Amino acid sequence: PKAIYLKDYEAPKFTVLHTALTFLIEEEATEVHSLLSIQGEAAGELKLNGQALELVSVELDGGALSEGSDFSVDDDFLVIHQIPAHCKVAIKTRIKPQENTALEGLYKSAGMYCTQCEAEGFRRITYFLDRPDVMSIYDVTIIADKSKYPVLLSNGNLVESKELEGGKHLAHWHDPHKKPCYLFALVAGDLRHIEDRFTTMSGTDVTLRIYVEPQNIDKCDFAMDALKRSMKWDEERYGREYDLDIFNIVAVDDFNMGAMENKSLNIFNSSCVLANSATATDNAYSRIEAIVAHEYFHNWSGNRVTCRDWFQLSLKEGFTVFRDSQFSSDMSSPVVKRIDDVNLLRTAQFAEDAGPMAHPIRPASFIEISNFYTLTIYEKGAEVVRMIHNLLGEDKFREGSDLYFQRHDGQAVTTEEFVKAMEDASGIDLTQFRNWYHQAGTPELSVTDQFDETTGDYKLFIKQTCRPTPESDKKEPFHIPMALGLLDEEGNDAQITLKSDGKFNQKTQVLSITEPEQEFIFSGFSAKPTPSLLRDFSAPVKLHYPYTREQLLFLLAHDSDGFNRWDAGQTLATDIVLELSEQVQAGEPLEVDDRLIETFEKLLKEDSSDKAMLCKMLSLPSLAFLIEQSVPANVHAIYTARTFVRQTLANQLHEAFLSCYQQNHDDEPYNYSAEGTGKRSLKSLCLHYLLESDQGDYSQLAISQYQNSDNLTDQHAALSALANSRFQVQAKACLDEFYEKWQHEPLVVNLWLSMLAGSDRIDGVEGVEELIAHPAFDIKNPNKVRSVIGVFAGQNLRHFHTQTGAGYEWLADKIILLDRLNPQIAARLVGPLTKWQRIVGEGGQKMRNTLARIESTENLSKDVYEVVSKSLV
Ligand code: HT7
Ligand code: ZN
């Protein structure tokens, strides 16, 4: 397979002004008739993309064309040798959606037809200029059996619907907004819907509908509410109004990602829409809220202004993730949201940036674009927009955003246009800042300091570096906004006075780090302050400062920046666990630093009103995060050390955990709210600790929570605490009962599968293989694959990294099997193996050998080939 390069970009020679599509849906095949109104500057060859299509006929301006003399066709293209500058091309193709397991293009999920065209799925529907800079007006006619497929949907407005002979019916949809074909969508099925309305800021009445399979009609209300809140928020915060009379969401069970922002017809993975208290956890609710908002926000950041080419993917994804994180933050606790985002970034995106697939947020090349829907494009892309927001301030950022939308409405543009609009609106020079777009890797800041008692000057020395990544060894310095606070001896924020410009600034000062080495002098101190660095995680960098444990405890107790208070605790715990893991390897006796235990005790006894924050403060860094901090990592030593810390805390503080549990356990009926979620998360954390304690048998507490609670969040917490505990008999009884009760609810069954696949107590590869063989598992369903294979390989690190290497071989077998069915999903599963260089000794080598075995498999997809081959370099 060949790579495609950004430097080779050329504007299209032809565009499609209008696209008329007719879908004739029959059980054995679907015919697609397309009529394209084409315009170019001059006559020439027309090269259309197409894959897995059966070509029926081609016409040019009403005349039939012949293969060979007029056009040629192969596995990837239909080439018409010569067309005039203005013409109409009519193409008929035949496809088999019911056999499409890749879930790209038109496919069938649970008896319903649906589409997924981003990034390059439209070419599996018909021959087309399948690139985002070709934007067209669409008219879509769908003809299908009325009893089987009573609901026929596409983008835009319904302009005609009528009955036809033979039990069929027809629907004609017209979308007045020109769009790239990746935003095209079609749905045909037997669906029910709920309906609501939203009046936009200029007074337009919009009909909102959520379509689902009949049995799910009672699980749509929360998504509808989230949609209305998103619409309002986008008007208030960004001045963005919805632009059609109708907005539809459809839930489907088989979906490769979370959701898709097709113009006015968003298609969602059912796990990202359906919720009620019995079938969705708090986590699911918050994910649904964020994804509904994300897809809605794409209507402007993605659809009205789209990407010129797929190298610009972060233009829409980074900006939209930034927007949805602002929304979620406004809906709940900003600090907790920030902690969640940073945890994901530092655990998974930093690993990506340090691995063989590292790429800039605007990549320079790819083999398969589906592999680039990454944490780098999404989460790091959002961090880059966030830094622009912080550098410009809220008002200028809003002016920049307004200018961007106004300048580029209806266009397909690049990240450069985004940065330029921000620059033009604010007058702030972002020249050096642009390095974030084309350089991969996580910058590292090494900070040291010095205090001069005689002058009262406090100096910070900051050095920035960035390790080599596959695209370049040498890095230009990044422009890094570093938010800083300086705490006096009492723990209060000192006034920060930069000696160079002498003026007083706020208690948090944003320093612009632009050089490889920089020095800042602050004056007016009577004693050495404690630095609170990178407040609110102001830049996606790794920070090194030689904090003592005493300093970390001081920050944890006093820092006015909530994020840094939490982070001080995480740094302390990381230091303790990693030190213990060295001792595990040296065979030394283990002992947990008393100061950590005292801190936890104090936190537990404090009467904190912010339960969600308290839960974060009492959570140890995850195993994945700890592995990330120690290269090369000895997974088993880190696991043993972390488990030892948890058990020590559980044993020594079980009474405090119990009393915190009891204080937060009430009989209030379930209600998804920031307060309720905070309480439940804290309670669940306490329960997990309690079940790890050998100072008492707390299994009954979990069993009773499982049996008596009215909501899935508490039941799931109880079950997963049991599943990971020594109380395996009780765990099995409850888990079996849970499955019996919920076997008809796919999303609940997926949660059940993921609890078992992620359990510490699973019987290794044999255990997870039992789940694969279970009737609840279906390898063709991506949610089930993620729940079992994804969770085992990505989260159950202890068992995945079993010393025999059996976990790696098992995963390879699944990847090879899946590659025949769904290459996108197969390629994503390669992720855990790509980290082989970070795993110490033989383990890492075994992972590498497993990758080599996958690479030698015949007929690998481009998707899997790209990830595997790049990981082996
Ligand atoms: N923009 C959407 C991307 C997407 C996607 C990409 C590749 C394969 C399948 C897919 N489903 C959805 C999702 C989003 O970021 O909003
Ligand atoms: Zn998106």
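By the naming in an unreviewed UniProt entry, the protein goes by Aminopeptidase N and is assigned to Bermanella marisrubri. Its UniProt record gives the protein the following Function (unreviewed entry) comment, quoted word for word: "Aminopeptidase N is involved in the degradation of intracellular peptides generated by protein breakdown during normal growth as well as in response to nutrient starvation." Quoted verbatim from the Cofactor (unreviewed entry) field of the UniProt record, the comment on the protein reads "Zn(2+)".

S.K.: Which residues make up the overall build of the protein, and what values do they have?
M.R.: In terms of helices and strands, the protein carries 27 helices and 31 strands. For 873 residues, the compact-globule estimate of 2.2 N^0.38 gives 29 Å, and the C-alpha radius of gyration of the protein, at 28 Å, lies within 12% of that figure. With the C-alpha coordinates of the protein rotated into their principal frame, the extents come out at 90 × 65 × 60 Å. Classification of the 873 residues of the protein by burial places 50% in the buried group. In the protein, of all internal contacts separated by at least 6 residues, the share reaching a separation of at least 24 is 70%.

S.K.: Could you give an account of the sheet that holds strand β7 (residues 71–73), naming the residues involved and the relevant values?
M.R.: With antiparallel pairing, 3 strands are arranged side by side in an open sheet as β4-β8-β7. Sheet topology places β4 (44–49) and β7 at the edges, where each strand pairs with a single neighbour. Pairwise comparison of adjacent strand axes, ignoring direction, gives a mean angle of 15 degrees for this sheet.

S.K.: Please provide a residue-by-residue account of the site of ligand 1, values included.
M.R.: Taken together, 15 residues form the shell around ligand 1, and within it E118, N256, M257, M260 and Y373 come nearest. Here the residues of the shell around ligand 1 are counted per class, giving 5 nonpolar, 6 polar and 4 charged.

S.K.: Just give me the short version of the environment of A721, but keep the residues and values in it.
M.R.: Locating A721 in the fold gives a position in helix α18 (residues 712–723). Spatially, the C-alpha atoms of A721 and F311 are 43 Å apart, while their sequence positions differ by 410 residues. Ignoring sequence-local partners within four residues, the contact set of A721 consists of L687, H688, L691 and A702.

S.K.: A description of the packing of helix α17 (residues 699–708) against α18 should follow, citing residues and the corresponding values.
M.R.: The interhelical angle for the contact between α17 and α18, taken along N-to-C directions, is 150 degrees, at an axis separation of 8 Å. As the angle between them shows, α17 and α18 are arranged roughly antiparallel. Our pair here, α17 against α18, has a crossing hand that is left-handed. On α18, the residues that touch S699, A702, Q705 and Y706 of α17 are D714, Q715, A718, L719, A721 and L722. Taken together, the residues that form the contact of α17 with α18 break down as 6 nonpolar, 3 polar and 1 charged.

S.K.: Explain the sheet that holds strand β11 (residues 112–116) to me, using residue names and the numbers behind them.
M.R.: Reading across from one edge, β10-β11-β16-β13 is the order of the 4 strands in this open sheet, with antiparallel pairing throughout. The sheet terminates laterally at β10 (105–109) and β13 (151–154), the two strands that pair on one side only. Neighbouring strand axes in the sheet, compared pairwise and without regard to direction, differ in orientation by 20 degrees on average. In this sheet, strand β16 (residues 186–189) lies alongside β13 in antiparallel orientation, the contact comprising 4 bridges. Across the sheet, the residue bridging to L153 is V187, located in β16.

S.K.: For the domain arrangement of the protein, give the residues involved together with the corresponding values.
M.R.: By the assigned domains, the protein splits into domain 1 (1–190), domain 2 (444–548), domain 3 (549–652) and domain 4 (743–873). For domain 2 versus domain 4, the separation of C-alpha centres amounts to 42 Å.

S.K.: How would you explain the packing of helix α1 (residues 221–238) against helix α2 (residues 282–297) if you had to name every residue and give the values?
M.R.: It is the contact of α1 with α2, at a shortest axis distance of 9 Å, that shows an interaxial angle of 45 degrees. Between α1 and α2, the crossing angle belongs to the class labelled oblique. The handedness of the crossing between α1 and α2 comes out as right-handed. In this structure, α1 uses F222, A223, A226, L227, S230, M231 and D234 to contact α2, whose residues at the interface are Y285, I288, E289, V292, A293, Y296 and F297. Looking at the contact of α1 with α2 residue by residue, the classes come out as 11 nonpolar, 1 polar and 2 charged.

Cut-offs and rules
- Residues numbered from 1 in each chain as written.
- Chains lettered and ligands numbered in written order.
- Predicted model: local features only at pLDDT ≥ 70, side-chain atom pairs only at ≥ 80, totals over all residues.
- UniProt positions renumbered as here; feature names shortened; annotations may be inferred.
- Helix = DSSP H or I, 4+ residues; strand = E, 2+ residues; numbered from the N terminus.
- Rg over C-alpha atoms; globule rule 2.2 N^0.38 Å.
- Buried ≥ 20, exposed ≤ 12 C-beta atoms within 10 Å, placed from the backbone.
- Contact = placed C-beta atoms within 7 Å.
- Pairing = 2+ DSSP bridges.
- Axes fitted to C-alpha atoms, helices over the stretch in contact; angles between N-to-C directions.
- Near = placed C-beta within 6 Å.
- Nonpolar A, V, L, I, M, F, W, Y, C, P; charged D, E, K, R; others polar.
- Parallel < 35°, antiparallel > 145°, perpendicular 65-115°, else oblique.
- Left-handed = near helix turned anticlockwise from the far one by under 90°.
- Domains from an automatic or database assignment.

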